[in-house]
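Descriptive structure summary
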Amino acid sequence: MRILIVGAGSLGSLLGGLLARTHNVTLVGRNPHMSAVQADGLRVTGVETFRTRPGATTDIGAASADLALVTVKAYDTAGVVDDLATCDVGAVCSLQNGMGNEETLAAGLDTPVLAGTTTHGARLAGPGHVEWLGRGRVTIGPWRPADAVDRSERVAAAFRAAGLDATATTDVRHRLWQKLAINAAINPVTALARVENGALTPPGGLADVATAAGTETARVARADGVDLSAATVREAIADVVRETARNRSSMHQDVAAGRRTEIEAVNGYVVERAATVGESVPVNRTLAALIRGWEAGAGHR
Ligand SMILES: NC(=O)C1=CN([C@@H]2O[C@H](COP(=O)(O)OP(=O)(O)OC[C@H]3O[C@@H](n4cnc5c(N)ncnc54)[C@H](OP(=O)(O)O)[C@@H]3O)[C@@H](O)[C@H]2O)C=CC1
Ligand SMILES: CC(C)(CO)C(=O)C(=O)O
């Protein structure tokens, strides 16, 4: 399969490097990372250590591919729509966190849109070098009924051909809302308290705040037609807190580094959807306001 990785930072470089062992992959990203990959290939270390040689460019131009995997931060998705408008791609698939990415891609592109989630962990360690921090899974499904299921199955099969655990689903919205609930619970609380994920282990005030944000999100999901129970979300949050106890969440890392966060695609999205479906989400509203306040002080707003 000919695959473009649009946004070859941490996650995109990892998945691009893994897929390049089997497929024809081109990374689209920034210098000096892209020029380092052009010169010496991509080094992956961690869960597995290997070197691979995907294509690498900073200019997507009028590229042609079977699949474009979108791995930019949620606030950069609109820019990807502009970039892909000049390209010829068979399908586009978001593997980002948060919500709203698929809507943005579907509204701006005349291309089948797939939605995906992944639990792999990655960190760009330096130009030409990505760390694989944790082996995970990929789940892919059609965003709209017209974005046929068999296309998701072909993409999942391409991941499996490269040795990755990947499945196609007909209920990707459920997956996305469940991941959203986990991120809405863990990310802002760990970012504001500056703690590792394990600090949200009950009992304790931080665990209570996180669980409240997650169960509010589940309520909005149900009002939006997705069958996600509060119990499922509580269990999922507890599992992730346990499995990632020593990790700093992505939002904690962003705040610690003074970077913009994905708050609008996470708690901001919950607040926006809650208003549309007539639900009240005071915990998500408060967490979003606090992170937005921090972003304003840091010059991101
Ligand atoms: N890292 C991880 O382990 C995981 C991340 N995710 C999700 O994946 C998404 C990406 O995260 P992550 O990889 O950590 O983020 P990174 O910031 O490491 O990578 C994104 C890269 O895309 C670049 N970029 C932005 N716009 C464009 C564009 N139009 N064309 C080409 N490159 C572009 C960015 O450059 P610049 O910053 O210079 O604009 C950056 O280098 C997020 O939604 C995240 O929540 C999900 C699961 C795990
Ligand atoms: C699952 C979790 C919370 C792991 O840290 C994550 O996705 C993130 O940090 O963005």
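Numbering of residues starts from 1 in every chain and runs along the sequence as written. Working convention: letters from A go to chains and numbers from 1 go to ligands, in the order in which they are written. Only residues with pLDDT of at least 70 get local features here, since the model is predicted, and only at 80 or more are side-chain atom pairs given and counted; chain-wide, interface and lining totals rely on the full set of residues. Excluding hydrogens and water, the side-chain values take into account all heavy atoms of the structure.

**Structural notes on the site of ligand 2**
Taken together, the neighbourhood of ligand 2 is formed by Asn97, Asn183, Ile186, Asn187, Asn197, Val240, Ser249 and Ser250. Here a polar contact means two N or O atoms within 3.5 Å. Within protein one must be a hydrogen donor candidate and the other an acceptor candidate, and residues neighboring in sequence count only if both atoms are side-chain atoms. Contact distances for ligand 2 include 3.2 Å between an oxygen atom and a side-chain N or O atom of Asn187. The separation between an oxygen atom of ligand 2 and a polar side-chain atom of Ser250 is 2.6 Å. Secondary structure elements are defined from DSSP: runs of H or I of at least 4 residues count as helices, runs of E of at least 2 residues count as strands, and each element is numbered from the N terminus. Among the elements that take part in the shell around ligand 2, helix α6 (residues 172-193) stands out by supplying three residues, more than any other. Think of it as three bins: nonpolar holds Ala, Val, Leu, Ile, Met, Phe, Trp, Tyr, Cys and Pro, charged holds Asp, Glu, Lys and Arg, and polar takes everything else, Gly as well. When its residues are assigned to classes, the shell around ligand 2 shows two nonpolar, six polar and no charged. Consider each residue's heavy atoms; a residue with any of them within 4 Å of a molecule or strand counts as near.

**Description of the site of ligand 1**
For ligand 1, the set of nearby residues contains 19 residues, the closest of which are Ser10, Leu11, Asp83, Ala122 and Glu262. One nitrogen or oxygen atom from the side chain of Arg30 is found 3.1 Å from an oxygen atom belonging to ligand 1. A distance of 2.7 Å separates an oxygen atom of ligand 1 from a polar side-chain atom of Glu262. Here the Shrake-Rupley method, with its probe set to 1.4 Å, supplies the accessible areas, and only the displayed protein chains count as covering residues. Contact with the protein chains hides 77% of the accessible area of ligand 1, taken as 890 Å² for the molecule alone. Only α1 (10-19) and β9 (121-126) provide two or more residues apiece to the shell around ligand 1. Residue composition of the shell around ligand 1, grouped by class: four nonpolar, 10 polar and five charged.

**With respect to the sheet that holds strand β10 (residues 129-134)**
Within the open sheet, the four strands sit side by side as β4-β3-β10-β9. Their pairing is mixed. Looking at strand neighbours, the two that pair on one side only are β4 (50-52) and β9, the edges of this open sheet. Going across the sheet, the axis of each strand differs from the next one's by a mean of 25 degrees, ignoring polarity. For two strands to count as paired, DSSP must find a minimum of two bridges between them. Relative to β10, strand β3 (residues 42-46) runs parallel, the two being bridged by four bridges. What sits directly across from Thr45, in β10, is Glu131. Docked against the sheet, α1 engages β3, β4, β9 and β10, running at close to 100 degrees with respect to β9. The contact criterion used is simple: two residues touch if any of their non-hydrogen atoms lie within 4.5 Å. Fitting a line to C-alpha atoms yields each axis, with helices limited to the stretch in contact; the angle taken between N-to-C directions then spans 0 to 180 degrees. Relative to β3, helix α2 (residues 33-40) is tilted by about 100 degrees, and along the sheet it contacts β3, β4, β9 and β10.

**Overview of the domain arrangement of the protein chain**
Where each domain starts and ends follows an automatic or database-derived domain assignment. By the assigned domains, the protein chain splits into domain 1 (2-170) and domain 2 (173-297). At the junction of the two partners, domain 1 supplies 15 residues and domain 2 supplies 14 residues. For the pair domain 1 and domain 2, the two sides together bury roughly 1,500 Å², of which 58% comes from carbon and sulfur. Of all residues in domain 1, Tyr75, Asn97 and Met99 bury the most surface against domain 2, accounting for 44% of the area lost on that side. Salt bridge, as applied in this entry: a Lys or Arg side-chain nitrogen positioned within 4 Å of an Asp or Glu carboxyl oxygen. Where domain 1 meets domain 2, there are one salt bridge. The closest approach of N and O atoms between Lys73 and Asp254, which form a salt bridge, is 3.3 Å. For the interface between domain 1 and domain 2, the tally reads seven residue pairs in polar contact (both at pLDDT 80 or more). Listing elements by their share of the side of domain 1 that touches domain 2, those giving two or more residues are α4 (101-108) and β8 (113-118). The leading source of residues in the side of domain 1 that touches domain 2 is β8, at four residues. For any pair of parts, buried area is found by adding up, for both, the accessible area (1.4 Å probe) each one loses once the two are put together.

**Side note on the UniProt feature "domain: Ketopantoate reductase C-terminal" (unreviewed entry) in the protein chain**
Residues annotated in UniProt with the feature "domain: Ketopantoate reductase C-terminal" (unreviewed entry) correspond here to residues 171-293. Secondary structure across residues 171-293 divides into 69% helix and 0% strand, with the first and last C-alpha atoms of the span separated by 35 Å. UniProt positions are given in the numbering used here, feature names are shortened, and annotations may be inferred rather than shown by experiment.

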